[in-house]
Protein chains: 6
Amino acid sequence: MPHITVQMFPGRSIEQKRALVAELTRTTCAVLGCGPGAVSIILSDVAPHDWAEAGVLYSDAKAQPSE
Amino acid sequence: MPHITVQMFPGRSIEQKRALVAELTRTTCAVLGCGPGAVSIILSDVAPHDWAEAGVLYSDAKAQPSE
Amino acid sequence: MPHITVQMFPGRSIEQKRALVAELTRTTCAVLGCGPGAVSIILSDVAPHDWAEAGVLYSDAKAQPSE
Amino acid sequence: MPHITVQMFPGRSIEQKRALVAELTRTTCAVLGCGPGAVSIILSDVAPHDWAEAGVLYSDAKAQPSE
Amino acid sequence: MPHITVQMFPGRSIEQKRALVAELTRTTCAVLGCGPGAVSIILSDVAPHDWAEAGVLYSDAKAQPSE
Amino acid sequence: MPHITVQMFPGRSIEQKRALVAELTRTTCAVLGCGPGAVSIILSDVAPHDWAEAGVLYSDAKAQPSE
């Protein structure tokens, strides 16, 4: 019954989301030995002005991270 | 101090949300024996293209679930 | 596909938890018009020394709340 | 590695968000004795019609709370 | 900056957890095109008596799911 | 109505938790202009073998982070 949540920056295409949930499910089942029907996933967008590291919003950071 | 979060598909009317928080609060207090003032609830919309089961986005699923 | 999370103080009996998930599911389906199979619930204990309101841990509060 | 999530009503300016993550990070590091690089924060808007206390949506409450 | 949370039944070995975070990170980076340093993961155990589907605790379900 | 969640490594003393919730509440109110009664906080321990960065569990990392 793994329930997975992924928080990430906005802007992913539907193709990327489709691939992401398919691959995360496959990976999880391979490692944990569960059937795909047991895995649910929720994707959630977080804007760079709502995410901070080291006290600085990503929207303020000079160099955006590699993602 | 029960704190409840409900994630669901978008599109509920304000009347449904109003009824949902009223009823969930009443149910929780009846079962746990707490006062309504102790219960807080956050509702959160999750789009079908951000929710997957068995590795498939709900927006891709042939037959949408009964909800 | 409502996914519900309930955070509450520890100490509920298994009978209370059983009743809580049954009743919350029934309430949710009645209001939203979904089938019970669409509802998943996760219960989560939060100790009074890990929960604060108005800047004070519940374990430090003079009068415990009604729950 | 403190990871902090703040759920609040919409409408904060970017200046408030910038100040909030800077100050929360500074506060956390001062109390826990960690470096700022260890702290990540996610801000999340919750609309008054998606947040309830005592079974009533904030958007329905006569007097809005002081925040 | 994907931040991933995995909720699952207790009882995974440290080897399984190690493999899970390594593989989920690799999968996420391959699909989203980000560096591994951008991915953080939190694993969280949920006991069968704290998890319900269709209004029934997993600890009460006759046949445990395949996971 | 800010609701704050802090996930951190286990081992904080009750004094640290008491100071943390008091200071985070004060900081949040100062920046957002809300009353302390509007702020609730939940602290949550995450073990180093349940937390990963860059695909590696903190319990496996050679050098523990500065926190």
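Residues numbered from 1 in each chain as written. Chains lettered and ligands numbered in written order. Predicted model: local features only at pLDDT ≥ 70, side-chain atom pairs only at ≥ 80, totals over all residues. Heavy atoms only, no water.

Chain A is annotated in an unreviewed UniProt entry as 4-oxalocrotonate tautomerase of Methylobrevis albus. UniProt annotates chain A under Sequence similarities (unreviewed entry) with the comment "Belongs to the 4-oxalocrotonate tautomerase family." (UniProt positions renumbered as here; feature names shortened; annotations may be inferred.)

Enquirer: Would you explain the relation of the copies chain A and chain E in this entry?
Expert: Both copies of the chain are related by a screw-like operation: a rotation about an axis and a shift along it. For the match of chain A to chain E, the screw axis carries a shift of 0.0 Å, the RMSD comes to 0.0 Å, and the turn is 180°. Here the copies are linked by what is in effect a two-fold axis. Identified as the residue of chain A closest to the rotation axis by C-alpha distance is threonine 5 of chain A, at 2.5 Å. Mapped onto chain E, 100% of the interface residues of chain A again fall at the interface, so both copies present the same surface. (Least-squares fit on C-alpha atoms with pLDDT ≥ 70 in both. Contact = heavy atoms within 4.5 Å.)

Enquirer: I'm lost on helix H1 (residues 14-32) of chain F in this one. Help?
Expert: Residues spaced three or four apart along an α-helix point in a common direction, a consequence of the helix completing one turn every 3.6 residues. Here H1 of chain F contains 19 residues, and its C-alpha end-to-end distance of 27 Å stays within 8% of the 27 Å for a straight helix at 1.5 Å per residue. Looking only at H1 of chain F, the buried set comprises Lys17, Leu20, Val21, Leu24, Thr25, Thr27, Thr28, Cys29, Val31 and Leu32 of chain F. Where H1 of chain F is buried, its residues touch strand E3 (51-53) and strand E4 (56-57) of chain C, strand E1 (3-8) and helix H1 (14-32) of chain D together with strand E1 (3-8) and strand E2 (40-45) of chain F. (Helix = DSSP H or I, 4+ residues; strand = E, 2+ residues; numbered from the N terminus. Expected span 1.5 Å × (residues − 1). Buried < 20%, exposed > 50% of the residue type's maximum accessible area, 1.4 Å probe, protein only.)

Enquirer: Honestly, the interface of chain A and chain E in this entry has me stumped. Any pointers?
Expert: A common way to express how large an interface is: the accessible area buried when the components associate. With 29 residues of chain A in contact, the opposing surface of chain E contributes 29 residues. Here chain A is connected to chain E by zero salt bridges. Where chain A meets chain E, there are four residue pairs in polar contact (both at pLDDT 80 or more). Only strand E1 (3-8), helix H1 (14-32) and strand E3 (51-53) of chain A provide two or more residues apiece to the side of chain A that touches chain E. (Salt bridge = Lys/Arg side-chain N within 4 Å of Asp/Glu carboxyl O. Polar contact = N/O pair within 3.5 Å; in protein donor to acceptor, adjacent residues only side chain to side chain.)

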